[in-house]
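# Survey of secondary and tertiary structure
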Amino acid sequence: MTPFAALRPAPAYAALLVRELGAPRQYVGPAVAIAAGVAAAWLATFVQPGSGGMATILTRFDISISSVVALLAVLRTIDRIVVDAEADWMLQHVAAGMSRMTYVAALVICVTIGALMLYAAGALAFGVATQLLTGDTQPLATAAARLPLYLLMVLGASAFGAAIGVITRGRSAIHIALLLIAAPWIGMWAAVVLRENNPLGGPIRLLSYPPPRLFSAYTLAHVSYALLYAGVMLGIALSLAHTRIGRRS
Amino acid sequence: MIVHGEIRRAGRVVVTAGAVDAPAGAVVGLIGINGAGKSSLMLHLAGVLRNAPAPAYPVGFAPQRPTFPAWLDAAGISRLFGFEFSTLSARYPGLLLNEIEHLRGGVMSVGQTQTLSIALALALDSPVILLDEPFAPLDFRRRIGLQRILAARGPDAGMAIVSSQSAAEVMDVCSWIVVMNGGRYVYAGPVADLAGSGAADEQRQRLERGILELLTGCRAQPASG
């Protein structure tokens, strides 16, 4: 098959994007995210008035929120692969000589865009609402500046989901993915417990994230790591696609 | 129709090794009782069964109970397979595809889904077309349409393998018949050899008797391989 032939179904794969974003129920997520962003901005005016307070809230919580969005992207990618891999249309599609790799790549891109839109809706709604309520422009500027970083984060998550989806079979893929995600945290907290019980004592420093600044050395290191991680995971997913996609057991 | 070694599903041997030859352009009827291994053989020949070798060419394959993505309409599904729906519809008017153009996969009936699946398999013009029990869910109009499409295939059209539970369907559309039982080929030859000559009803009855005798082991004729 020529590269051009592999791209023949590309317009229909764009419908995958429509499925992620365009179906009526898919608007529920972004709508809730926007409502949550506006509500958070409104509540923040009571909790800690002033521009410094807003920026602090955004900085502290956006990493956690984007991590949840990335986790949803992992689960979404795995769920689609589990459903589509042995579907009759996929069997017919693959037997007809269509590319499994095109499917995997399209799925990763579509889930990434869908998840990023979800995050962006909430973050930008928070920023805009804050600006309207208090005149503080920093949260909006920060959210806008960080979107490229979160794009990489969600892309890595989708690629991770695709890799796990093609390596393992069925619903066990979700359990394995969650275990792999949780394992470092379990290990870290185990280490903390050990340190707390250390008779020698000493200060405990957990997740001392410095406030990220775009183009700082810290940010660039994370971008490089995210790119490398996403690339490796996507490579694994694409190279193993033939073992799971369009195969019936 | 060559199977090297065994085809296993869930650890169980469902088809054993064998080879059947049929003339170019033949429409081959694959017939056998439930669980004889017809669908597994189809999946194997299409190269989509786990551990099945990849075919050297694209295969037009219509599964037994096809499903399509619920969010795509028939036109979108056609594009997914690299075809324009208008071309598909014009090429196979007997399948009445224009009736389902704007239906999404999630709301198509079983027969409508099967119709689209068959059209996509035929349109590929591949050396091998595999249709797994294509007639069962079709309404009488589309059934006649598909019979005419298969009957009109020339010797250059490659081989079409049509699995079925019905001797009448095989007699109507197939020039060659392969009988499977217990995962083995037990007969392969021209339909006329089993059906004989005479009135259509008599031919059908002879064909049914012949198949029954083969399946009960009273008159097994070895296939090559």
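All chains use their own residue numbering, which begins from 1 and follows the written sequence. Chains carry letters and ligands carry numbers; both start at the beginning, A for chains and 1 for ligands, and go up in the order they are written. Predicted model: local features are reported for residues with pLDDT of at least 70 only, side-chain atom pairs are reported and counted for 80 or more only, and whole-chain, interface and lining totals are derived from all residues. Where side-chain values are given, they derive from all heavy atoms of the structure, hydrogens and water being excluded.

### Observations concerning the nonpolar core
Note on soluble globular proteins: their nonpolar side chains tend to be buried together. Phe61(B), Leu116(B) and Ile177(B) are the most contacted members of the largest nonpolar core, which has 122 residues in total. Counting residues per element, this core draws most heavily on helix H7 (residues 138-167) of chain A, at eleven residues. The contact definition used throughout considers only heavy atoms, calling two residues in contact when any of these lie within 4.5 Å. When near neighbours in sequence (up to four residues on either side) are disregarded, Phe61(B) contacts Leu91(A), Gln92(A), Ala95(A), Met42(B), Leu43(B), Ala46(B), Val48(B), Ala121(B) and Leu130(B). We define a nonpolar core as any set of buried Ala, Val, Leu, Ile, Met, Phe, Trp, Tyr and Cys residues linked to one another through side-chain atoms lying within 4.5 Å. Any residue under 20% of the maximum accessible area for its type is buried, any over 50% is exposed, and the rest in between are partly exposed; the area is computed with a 1.4 Å probe on protein chains only. A helix here means a DSSP run of H or I that spans at least four residues, while a strand means a run of E at least two residues long, and both kinds are numbered starting from the N terminus.

### Quick word on helix H6 (residues 100-134) of chain A
All names here are of chain A. A helix is expected to span 1.5 Å multiplied by its residue count minus one. For H6, which comprises 35 residues, the first-to-last C-alpha distance of 51 Å matches the rise-based estimate of 51 Å (1.5 Å per residue) to within 8%. Distance and chemistry together define a polar contact, namely a pair of N or O atoms within 3.5 Å, with one atom able to donate a hydrogen and the other to accept it when in protein, and with adjacent residues in sequence counting only for side-chain atoms on both sides. N-capping of H6 is provided by Ser99, with a side-chain oxygen placed 3.1 Å from the backbone N of Met101. Two residues or fewer past H6, Gly135 is found with a positive phi of approximately 85°.

### Brief notes about the packing of aromatic side chains
All names here are of chain A. Ring pairs shown here join Phe, Tyr and Trp side chains whose ring centres sit within 6.5 Å, with only the six-membered ring taken for Trp; geometry is labelled stacked below 30 degrees between planes, edge-to-face above 60, and tilted in between. Applying the stated rule across the entire model yields four aromatic pairs over all chains. An angle of 75° between the planes, with centres 6.4 Å apart, marks the rings of Trp89 and Tyr103 as edge-to-face. A residue pair is termed long-range when its members are at least 10 positions apart, and Trp89 in helix H5 (residues 88-95) and Tyr103 in helix H6 qualify at 14 residues. Accessibility classification places Trp89 together with Tyr103 in one group, the buried group. A centroid spacing of 4.8 Å and a plane angle of 65° characterise the contact between Tyr119 and Tyr150, whose relative ring orientation is edge-to-face. Of this pair, Tyr119 sits in helix H6 while Tyr150 sits in helix H7, and the two are 31 residues apart along the sequence. There is no split in this pair, since Tyr119 and Tyr150 are both buried.

### As for a nonpolar patch on the surface
All names here are of chain A. Note on patches: the residues involved have over 30% relative accessible area and no salt bridge, like charges join within 9 Å, and the nonpolar side chains Val, Leu, Ile, Met, Phe, Trp and Tyr join within 5 Å. Note on areas: these come from Shrake-Rupley sampling with a 1.4 Å probe, and a residue is covered only by the protein chains present in the view. Salt bridges are identified by distance alone: a Lys or Arg side-chain nitrogen within 4 Å of an Asp or Glu carboxyl oxygen. A cluster of nonpolar side chains, Trp42, Leu43, Phe46, Val47 and Leu133, forms an exposed patch at the surface whose accessible area comes to about 570 Å². If one sorts the elements of the nonpolar patch by residue count, helix H3 (residues 28-47) sits on top with four residues. Along the polypeptide, Val47 turns up in helix H3. Val47 gets classed as exposed once you look at its relative accessible area, which sits at 66%.

### Notes on the pattern of salt bridges
Under the defined criterion, the tally for this structure stands at ten salt bridges over all chains. Salt-bridge contacts for Asp84(A) lead to Arg80(A); the nearest nitrogen and oxygen are separated by 3.2 Å. Linking Asp84(A) with Arg80(A), this pair stays in helix H4 (residues 51-85), spanning four residues, or about one helical turn. Summarising the burial analysis for this pair, Asp84(A) and Arg80(A) share the class buried. One salt bridge connects Glu169(B) with Arg143(B), and the closest N-O pair in it is separated by 3.9 Å. Remark: Arg143(B) occurs in helix H5 (residues 140-151) and Glu169(B) occurs in helix H6 (residues 167-173); sequence separation between them is 26 residues. When salt bridges that share partners are traced, they join Glu99(B), Asp139(B), Arg141(B) and Arg142(B) into one network.

### A closer look at the interface of chain B and chain A
At the junction of the two partners, chain B supplies 30 residues and chain A supplies 27 residues. Buried area: the sum, over both parts, of the accessible surface (1.4 Å probe) that disappears when the two are put together. The largest share of the area that chain B buries against chain A comes from Arg50(B), Trp71(B) and Leu80(B), three residues that together contribute 32% of it. Our count for the chain B to chain A interface comes out at one salt bridge. In this structure, the salt-bridge partner of Glu86(A) is Arg50(B), at a minimum N-O distance of 3.8 Å. Joining chain B to chain A, the criterion identifies seven residue pairs in polar contact (both at pLDDT 80 or more). For the side of chain B that touches chain A, the secondary-structure elements that each account for two or more residues are helix H1 (38-46), strand E6 (60-62), helix H2 (74-80) and helix H4 (110-123) of chain B. Each residue is assigned to one class: nonpolar for Ala, Val, Leu, Ile, Met, Phe, Trp, Tyr, Cys and Pro, charged for Asp, Glu, Lys and Arg, and polar for all the others, Gly among them. Taken together, the residues that form the side of chain B that touches chain A break down as 20 nonpolar, six polar and four charged.

### Structural notes on the sheet that holds strand E7 (residues 128-131) of chain B
Residue and element names in this part refer to chain B. Only strands joined by at least two bridges in the DSSP assignment are considered to pair. Judged by pairing direction, the sheet is mixed, and its six strands sit side by side in the order E6-E7-E8-E5-E9-E10 without closing on themselves. Only two strands of the sheet have a single partner each, and these edge strands are E6 and strand E10 (184-190). Each neighbouring strand pair of the sheet contributes to a mean axis angle of 15°, computed without reference to strand direction. As judged from the three bridges shared by E6 and E7, these two strands associate in the parallel manner. Within E7, the residue paired with Gly60 across the bridge is Ile129. Sheet strands touched by H1: strand E5 (27-32), E6, E7, strand E8 (159-164), strand E9 (176-181) and E10. Its angle to E8, the strand with the most contacts, is close to 155°. Lines fitted to C-alpha atoms define the axes here, with helix axes fitted over just the stretch in contact, and angles between the N-to-C directions of these axes take values from 0 to 180 degrees.

Nothing here speaks to function; it is all geometry.
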